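Structure at a glance
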Amino acid sequence: MSLAILSVEDEVEVREALERDLECFWSHVRLETAEDVDDAWAAIDAVLADGDELALVLSDHRLPGRSGVDFLVELAADERFEGVRTVLVTGQADQDDTIRALNLAGLDHYVAKPWNPQDLVVVVRDQLTTYVLDRGVPPLPYLPVLDGVRVMEALR
């Protein structure tokens, strides 16, 4: 079993930038990418079929077809994904979209584009650590990419 992060972004350059900026995670955590909501559900099906566990979703708001907020609301309503951490990574969500994401999707964090790569790593590390601690996932295989202080305090 491996933990997975899903990145949902329709613009190839932005998706590649996310992947590059979060490169430090990929030797310990599985990365799945998707360019729209249907593609995201297919990626999730692949994660589950491999016996892996979806831990974190990074989603853009503006996607072809359905919005990233719609996707996050659907994800939050599916009990299979209870506890999955969600981050909206967008530069175009208006106030109503953001409120909907917070209230209906239980959004865990909001990252505005363009992001600061170091700040993004901190957000992903924090969300991943929260997932591991909340879900009782054995932390040792993931320790190099988690918040070590929080993990050690939790293990005491």
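Up top you'll find the structure we're talking about.
A few points on the structure.

Conventions adopted
- Every chain's residues receive numbers from 1 upward, in the order its sequence appears when written.
- Totals for whole chains, interfaces and linings use all residues, but because this is a predicted model, local features are given only for residues with pLDDT of at least 70 and pairs of side-chain atoms are given and counted only at 80 or more.
- To get the side-chain values, all heavy atoms of the structure are used, and hydrogens and water are removed first.
- For the purposes of this entry, the term helix denotes a DSSP run of H or I that reaches at least four residues, the term strand denotes a run of E that reaches at least two, and both are numbered from the N terminus.
- Throughout this description, buried means an accessible area under 20% of the type-specific maximum (1.4 Å probe, protein chains only), exposed means over 50%, and partly exposed covers the range between.
- At least two bridges found by DSSP between two strands is the condition for calling them paired.
- By the criterion used throughout, a crossover qualifies as right-handed when its path from the first strand across the helix to the second strand runs clockwise, the strands pointing away from the viewer.
- Between N-to-C directions, angles span 0 to 180 degrees; the directions come from axes that are lines fitted to C-alpha atoms, helices contributing only their stretch in contact.
- We call a crossing left-handed when the near helix sits turned anticlockwise from the far one by less than a right angle, and right-handed when that turn is clockwise.
- Two residues form a contact once any of their heavy atoms are found within 4.5 Å.
- Residues are grouped as follows: nonpolar covers Ala, Val, Leu, Ile, Met, Phe, Trp, Tyr, Cys and Pro; charged covers Asp, Glu, Lys and Arg; every other residue, Gly included, is treated as polar.
- Directions from the helix axis toward the C-beta atoms define the arc.

1. A short note on unusual backbone geometry
Each neighbour pair has its own omega, and for Lys-113 with Pro-114 the value is -10°, a cis peptide bond. Along the polypeptide, Pro-114 turns up in the loop between strand 5 (109–112) and helix 5 (117–135).

2. A closer look at the pairing of strand 2 (residues 30–34)
By the alternation rule, side chains of strand 2 split into Arg-30, Glu-32 and Ala-34, which are all buried, and Leu-31 and Thr-33, of which none is buried. Across 5 bridges, the pairing between strand 1 (residues 3–8) and strand 2 is parallel. If you follow Val-8 over to strand 2, its bridge partner there is Ala-34. Between the parallel elements strand 1 and strand 2, the chain passes through helix 1 (residues 12–21) in a crossover that is right-handed.

3. Examining the packing of helix 2 (residues 37–49) against helix 3 (residues 68–77)
At a minimum axis separation of 10 Å, helix 2 and helix 3 run at an interaxial angle of 35°. Between helix 2 and helix 3 lies a crossing whose hand is right-handed. On the side of helix 2, the interface is formed by Val-37, Ala-40, Trp-41 and Ile-44, while helix 3 contributes Phe-71, Glu-74 and Leu-75. Its residues assigned to classes, the contact of helix 2 with helix 3 shows 6 nonpolar, no polar and 1 charged.

4. Overview of helix 1
Those residues of helix 1 lying buried are Val-14, Arg-15, Ala-17, Leu-18 and Asp-21. All buried residues of helix 1 lie within an arc of 160° about the axis, which places them on one face of the element. Turned more than 90 degrees off the buried face of helix 1, the exposed positions are Glu-13 and Arg-20. Those residues of helix 1 that are buried are in contact with strand 1, strand 2, strand 4 (85–90) and helix 5.

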